[in-house]
Amino acid sequence: MSEAPIVLVEHDGPVAIVTLNRPDALNALSRALRAEIVRVFAELAKDDTVRVAVLTGAGRAFTAGVDLKEAGQTGFALGADGGDIDLAKGLAAFPWPIIGAINGFAITGGFELALMCDVLIASENAKFADTHARVGIMPGWGLSQKLSRLIGISRAKELSFTGNFLDAETAERWGLVNRVYAADELVPAAVKMAHEMASCDPVLLRNYKAVIDEGFAMTFGEGSRMEVKRSAQHAASVTAESVEEARKAVTARGREKQS
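Each value, and the rule that gives it
- Residues numbered from 1 in each chain as written.
- Predicted model: local features only at pLDDT ≥ 70, side-chain atom pairs only at ≥ 80, totals over all residues.
- Heavy atoms only, no water.
- Buried < 20%, exposed > 50% of the residue type's maximum accessible area, 1.4 Å probe, protein only.
- Helix = DSSP H or I, 4+ residues; strand = E, 2+ residues; numbered from the N terminus.
- Arc of directions from axis to C-beta.
- Contact = heavy atoms within 4.5 Å.
- Axes fitted to C-alpha atoms, helices over the stretch in contact; angles between N-to-C directions.
- Parallel < 35°, antiparallel > 145°, perpendicular 65-115°, else oblique.
- Left-handed = near helix turned anticlockwise from the far one by under 90°.
- Nonpolar A, V, L, I, M, F, W, Y, C, P; charged D, E, K, R; others polar.
- Expected span 1.5 Å × (residues − 1).

Caption draft 1: Examining helix H7 (residues 153-162) more closely. Among the residues of H7, Ala 156, Leu 159 and Ser 160 are the ones counted as buried. Angularly, the buried residues of H7 cover 90 degrees about the axis, an arc narrow enough to put them on a single face. Opposite the buried face of H7, at more than 90 degrees from it, the exposed residues are Ser 154 and Phe 161. Structurally, H7 contributes buried residues whose contacts are with helix H4 (109-115), helix H5 (132-135), helix H6 (143-151) and strand S9 (166-167).

Pasting the structure below:
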């Protein structure tokens, strides 16, 4: 009997649900799993039917981070150099929104993988921890820079310097995750949100993600000037007819949401 895939992919219309599938190892990020995650997102990026991805984990963990058992035998290989196990580069190249549905433990490298997503929602069972300092390695997938920008520098330092767990309720209060759900409601909620995103104009959705992400790395002034330039470029392609169609669709959706 063949072994189950270490990454499962399910399609629900324009939504791709990607599930890390090493539950017995708490979805630890072995080299093989990292390579498969990168490959899957590269394939999804080429799929013309996909508009949003949901990333989650099987079992009790989102992912417990780099596979320390493997690293103890082979040494650390974070792959933060553009290779085929470079998660940060692989997910950054995916042009559509990624919703992280954090179902359980998201520890160290798993925390970093969560932060590569565009939007985070969590199960009541989710727990985050940064143990880089305790393990004796330096983060290389963006955690040291992203976390402080999301929750504030003092809170980020508390997590990174203690290695303590952050529960889902506190993560929501601190602004790390947008919402917390019961365990069995998490993925359905993520898929529902993904469909709402996928219903936007695909060109604008893709370009909007790019303008936010690129501006995040700029000063406020630089980002504002970039936004004006991109806005003008997009406006040149907008017709009166398309504006009227969009107005009708937005009005109808607003009435539906209020009913």
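Caption draft 2: Local environment of the packing of H6 against H7. Interaxial distance between H6 and H7 falls to 7 Å at its minimum, and their mutual angle equals 130 degrees. Comparing the axis directions of H6 and H7 gives the class oblique. Read as a crossing pair, H6 and H7 show a hand that is right-handed. Facing Leu 143, Leu 147, Ser 148 and Ile 151 of H6, the residues of H7 in contact are Ile 153, Arg 155, Ala 156, Leu 159 and Ser 160. Class assignment for the residues of the contact of H6 with H7 results in six nonpolar, two polar and one charged.

Caption draft 3: View of helix H9 (residues 186-198). Under the 1.5 Å per step criterion, the end-to-end length of H9 is 18 Å for 13 residues, consistent within 8% with the ideal 18 Å. Taken together, the buried positions of H9 are Leu 186, Ala 189, Ala 190, Val 191, Met 193, Ala 194, Met 197 and Ala 198.

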